[in-house]
Amino acid sequence: MRNPLYNDDFEHYLQKQVNQHRVYPSDHIWRNIQQEIHGYRRWPALTFTAITIISLLVAGTLLIKPETKLKTIEEYTIAKAKTNPAQASKPAEQNYEESIEDRVSTNKLTEKTIAAVKTKLLNNSIATLSTPQVAANKMVVDDAHLNAVTVQSNKVADAKDKIAGITNLNAAPLDLLTPKNNRTVDFSVFNSAASKLDNKQDIQLNLPDGHSLLKGDYPVPGKIKLNKPKFNSDRLSFQFYITPSSSFRKLVDDKAARINSSYFPSNSSINFADANQVVRQKPAMGIELGFGVGYSLSDKFTLKTGLQFNIRQYNIEAYNRNYEPTTIGLGSDSYNTISSYGNLGGSSPVTLRNKNYEISIPVGLDYKILNAGNVSWNVAAALQPTYIFDKEPFLLSSDLKSYADGSSIMRKWNLNTSLETYLSIQAGDYRWQIGPQFRYQNLPTYNSKYPIKEHLLDYGIKIGFTRRIN
Amino acid sequence: MLSAAELKKYCLFLGVLQKTLMTEEALIYGCLHNDPSAQRELYNRYSPKMLSVCYRYAQNREDAEDMLQEGFIKVFTQINTFQNKGAFEGWIRRIIVHTCINFLKKYKKFNESVDLDHAGYLQVKEETIPSLMQAKQVVECIRLLPVGYKTVLNLYAIEGYSHKEIADMLEIEESTSRSQYTRAKAMLEAILIKKKILEKPETELTWSVALKNR
């Protein structure tokens, strides 16, 4: 700087003017600066999104089941349509006009049930039940479930009265009675049958079981307490897949941490460069092999897990050189090592390969978006706790000038996330699938003290087949 | 008893007061420890003045903001090299000025026009500069100069660098710096007079007398 005394009036005038001048920067400038200094905020967006989607889908599937009452009514309607097609056409319009409240209303339902019973009484042939075989049947109605409706041969009339007096069939879940070589009698025709029975005979009212109800074989005038779905082996499927992929890495250089670490190399412009600017790397082919088991939660959702093996790798362009000491800064610690590979210069170019072998247990959910005949379109996401073995990574030194062995600070366990979408086609017993897959390593490859965070990415095409386990 | 609204106002006031009273030493200490709030406060305090510096060197506002961003990143990452031997603002300013020069060199904006001889034909219309406050007018007049001229003028007349330092920074001859400055000064005078920011001096008077007459 020159001596200010040499300034003439013109310079004084200019200095005075411009020193009063202010220009206010845009907001994004500070954001950019902050991002550059503190690095990108490590918000695990992909992981968070995947976990949220999976959780919501699982919760949605398991908890928000269709309303049982509505289901019961639907089944009643379907069954009614089956047993009496002539009638079905007429009330169908009415059903659509009814509100949900009307359809689930206990009183309305009871009225409908009684009306249905009466209709049946009129329509059904008495001869159907007047055969000796039917007459020989024994009728037992569980008191606890049908409000003490017990009918015996000598009390048919009483039973008839009791049944007619049932006012709330919704409150009387049908306790399914095991048929004992008896002919199943439609509940709605019971009155008719009972009135024609010989007083000396016992009959058994054999009500439809839950499975029959689901199949729509029986008209069900009232609420049915459906058994909870049990684990069904029909829902299980086995899957095998292979995914050729292109593996790459993303570096997030926490420059401030690198510069502020206990080891800070001699002042040079490269120290302030971003690691992404000084590394030269190329993706390499990786592969994924795995098998899994799927459990269909519904038509749309399948819960999947399995075992998976991955090889992921990428190439680093470096240089051969003589062995030189180099330092890896780890926050308050650092360690010295020697390296014969330079990042910026050396005697001859060389390609270093960072290769990982991984075993993981993917747990995820598969959602069927579209289904057209044998072809379907699905999306799937999975979280993959991963164990990494046989690792010999080349690690960038703190001054960004060398590559050294980084196996000592590499994580053994990591967490990956995968997202995929695929088209599948059913061919015989097998469903074949193909589609793109993205896999992301959520935790940095090296421990958290190493300031250059490396996240691996795989872009692959997944091919596989699924077979139902019967 | 204070109401909730009053308490909120009081807290806000305390927050503002705390920031206002944050000393330069505290800011430097915070920045040395990579404290985001100290960095933000430092940026808020100096960025308007530093953007004005960048604006004088840059071709447009976008370039000026890029220079500012790059400069402040250097400030925060190299703050451990500040040795308390001079004014902190001066230290920041030197980093910003060097960043501006490097930016111009990097994008070849400096070399392209450093030796412009046709600068004398620069057309200046009165309406090109709005009648804002005089400081802004003067800055806008400086910005009208060709890049080479205004860079030398900024460095010599405003930042106070010697011609030798300027020659080293811009990688030009010292004599070139002198001649550029002489031309830049003459041109700026002409512009200021044309814009009626300065009065045209009488033949026998120097421009400084004209200044005094204002």
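All figures in this text were calculated on a predicted structure; none of them were measured in a lab. (Residues numbered from 1 in each chain as written. Chains lettered and ligands numbered in written order. Predicted model: local features only at pLDDT ≥ 70, side-chain atom pairs only at ≥ 80, totals over all residues.)

## Section: the overall build of chain A
- Helix and strand counts for chain A stand at 13 helices and 12 strands.
- Among the 470 residues that make up chain A, the fraction classed as buried is 30%.
- Across chain A, contacts joining residues at least 24 apart in sequence account for 74% of those joining residues at least 6 apart. (Helix = DSSP H or I, 4+ residues; strand = E, 2+ residues; numbered from the N terminus. Buried ≥ 20, exposed ≤ 12 C-beta atoms within 10 Å, placed from the backbone. Contact = placed C-beta atoms within 7 Å.)

## Re the pairing of strand β5 (residues 348-360) of chain A
- Here 13 bridges tie strand β3 (residues 301-330) of chain A to β5(A), and the two strands are oriented antiparallel to one another. Across the sheet, residue A:Y319 finds its bridge partner in β5(A), namely A:P349. (Pairing = 2+ DSSP bridges.)

## With respect to unusual backbone geometry
Residue and element names in this part refer to chain B.
- Positive phi values are uncommon outside glycine, yet N34 reaches one of about 60°.
- Summarising the element assignment, N34 is placed in the loop between α2 (24-32) and α3 (36-57).
- Since 17 C-beta atoms lie within 10 Å of it, N34 is described here as partly exposed.
- Backbone geometry at E171 places phi at a positive 60°, although glycine is not the residue there.
- As for its placement among the helices and strands, E171 is situated in the loop between α8 (163-170) and α9 (174-194).
- Since 11 C-beta atoms lie within 10 Å of it, E171 is described here as exposed.

## Side note on the pairing of strand β6 (residues 363-372) of chain A
Residues and elements named next belong to chain A.
- Judged from the 5 bridges that link them, β3 and β6 form a sheet pairing that is antiparallel. Across the sheet, residue T302 finds its bridge partner in β6, namely D366.
- For β6 and strand β7 (residues 375-389), the ladder comprises 9 bridges, and the chain directions are antiparallel. Residue Y367 lies in a different strand from β7, and its bridge partner there is V379.
- Taking the residues between adjacent antiparallel strands as the criterion, β6 and β7 are bridged by 2 residues, where G373 takes a positive phi near 65°.

## Focus: helix α6 (residues 134-143) of chain B
- Within the sequence span of α6(B), burial applies to B:V138, B:V139, B:C141 and B:I142. Viewed along the axis of α6(B), the buried residues span an arc of 160°, placing them on a single side of the element.
- Against the buried residues of α6(B) lie α1 (9-19) of chain A together with α3, α7 (147-158) and α9 of chain B. (Arc of directions from axis to C-beta.)

## Quick look at the environment of B:F103
Residue and element names in this part refer to chain B.
- Checked against the element boundaries, F103 lands in helix α5 (residues 88-106).
- Residue F103 is classed as buried on the basis of its C-beta count, with 20 C-beta atoms lying within 10 Å.
- Counting along the chain gives 46 residues from F103 to Y57, while the straight-line C-alpha distance between them is 9.7 Å.
- The contacts of F103, once residues within four sequence positions are left out, are D66, M67 and E70.

## Considering the interface of chain B and chain A
- On the side of chain A, 31 residues touch chain B, which itself brings 32 residues to the contact.
- Elements represented by at least two residues in the side of chain B that touches chain A include exactly α3, α4 (61-77), α6, α7 and α10 (207-213) of chain B.
- The element that contributes the greatest number of residues to the side of chain B that touches chain A is α3(B), accounting for 10 residues.
- Residues of the side of chain B that touches chain A, tallied by class, amount to 17 nonpolar, 10 polar and 5 charged. (Nonpolar A, V, L, I, M, F, W, Y, C, P; charged D, E, K, R; others polar.)

## Focus on the confidence of the model for chain B
Residues and elements named next belong to chain B.
- Taken over all residues, the pLDDT of chain B has a mean of 79, while the share at 70 or more is 72%.
- Note that residues 112-121 has pLDDT below 50 and, in this model, 12 contacts with residues that lie over four places away or in other chains.
- Our summary of model confidence lists the complex with pTM equal to 0.41 and ipTM equal to 0.77. (pLDDT = per-residue confidence, 0-100.)

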